[in-house]
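Residue-level listing of the chains:
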Amino acid sequence: MCLALPCRVVELRPDDMAVIDMAGVGKEISLALVDDVVVGDYVIVHVGYALTRLDPDEADKTLALFAELGEAALQKAAAG
């Protein structure tokens, strides 16, 4: 199973590289597959590559859903 995550670009680097914010953790990724990315854009990231840009509202909805699912999983684990 593959999972691609929406992440916000926080820094552009040379050679089509960038730093993203992944739940508070900075990670360097490649922008080689996506054109015209600027700081503040959301991108879908899979195995270190940005695959596409994402609308900020859609990114927020997706991240909120992931947070909700994570909280539900924690509650289920705590219940036994």
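Heads up: the structure comes first, above all this text.
What counts and how
Residues numbered from 1 in each chain as written. Predicted model: local features only at pLDDT ≥ 70, side-chain atom pairs only at ≥ 80, totals over all residues. Heavy atoms only, no water. Helix = DSSP H or I, 4+ residues; strand = E, 2+ residues; numbered from the N terminus. Buried < 20%, exposed > 50% of the residue type's maximum accessible area, 1.4 Å probe, protein only. Contact = heavy atoms within 4.5 Å. Areas by Shrake-Rupley, 256 points an atom, 1.4 Å probe, with all protein chains shown as cover. Patch = residues over 30% accessible without salt bridge, like charges linked within 9 Å, V, L, I, M, F, W, Y side chains within 5 Å. Salt bridge = Lys/Arg side-chain N within 4 Å of Asp/Glu carboxyl O. Lys, Arg positive; Asp, Glu negative; His and termini not counted. Charge placed at Lys NZ, Arg CZ, Asp CG, Glu CD. Pairing = 2+ DSSP bridges. Core = buried A, V, L, I, M, F, W, Y, C linked by side-chain atoms within 4.5 Å.

### Some words on the overall build of the chain
- Assigned secondary structure in the chain consists of one helix and five strands.
- Overall size of the chain, expressed as C-alpha extent along the three principal axes, is 50 × 25 × 20 Å.
- Expressed as a percentage of the 80 residues in the chain, the buried residues total 24%.
- Restricting to contacts in the chain with at least 6 residues of sequence separation, those with at least 24 account for 33%.
- In the form shown here, the chain has an accessible surface area of approximately 5500 Å², with 57% of it arising from carbon and sulfur atoms.

### What about a nonpolar patch on the surface?
- Residues L3, L63, L65, F66 and L69 make up a contiguous nonpolar surface patch of about 440 Å² in total accessible area.
- Mapped onto the elements of the fold, L63 is located in helix 1 (residues 56–79).
- A residue is classified by how much of its surface remains accessible, and L63, at 34% relative accessible area, is partly exposed.

### Section: a negative patch on the surface
- Together, D15, D16, D35 and D36 give the surface a local cluster of negative charge.
- With respect to the helices and strands, the residue D36 is situated in the loop between strand 3 (25–30) and strand 4 (42–46).
- With a relative accessible area of 64%, D36 lands in the exposed category.

### With respect to the pairing of strand 5 (residues 49–54)
- In this sheet, strand 5 lies alongside strand 4 in antiparallel orientation, the contact comprising five bridges. Bridge assignment links Y42 to a residue of strand 5, and that residue is L54.
- Linkage of strand 4 to strand 5, two consecutive antiparallel strands, is achieved through a turn of two residues, within which V47 is found at a positive phi near 40°.

### A short note on the nonpolar core
- Counting 11 residues, the largest nonpolar core consists of C7, V9, A18, I20, I29, L31, V34, V37, V43, V45 and A50.
- Listing elements by their share of this core, those giving two or more residues are strand 1 (5–13), strand 2 (17–22) and strand 4.
- With sequence-adjacent residues up to four places away left out, A18 is seen in contact with V9, E11, L12, R13, K27, E28, I29 and L31.

Treat this as a map of the structure, not an account of what it does.
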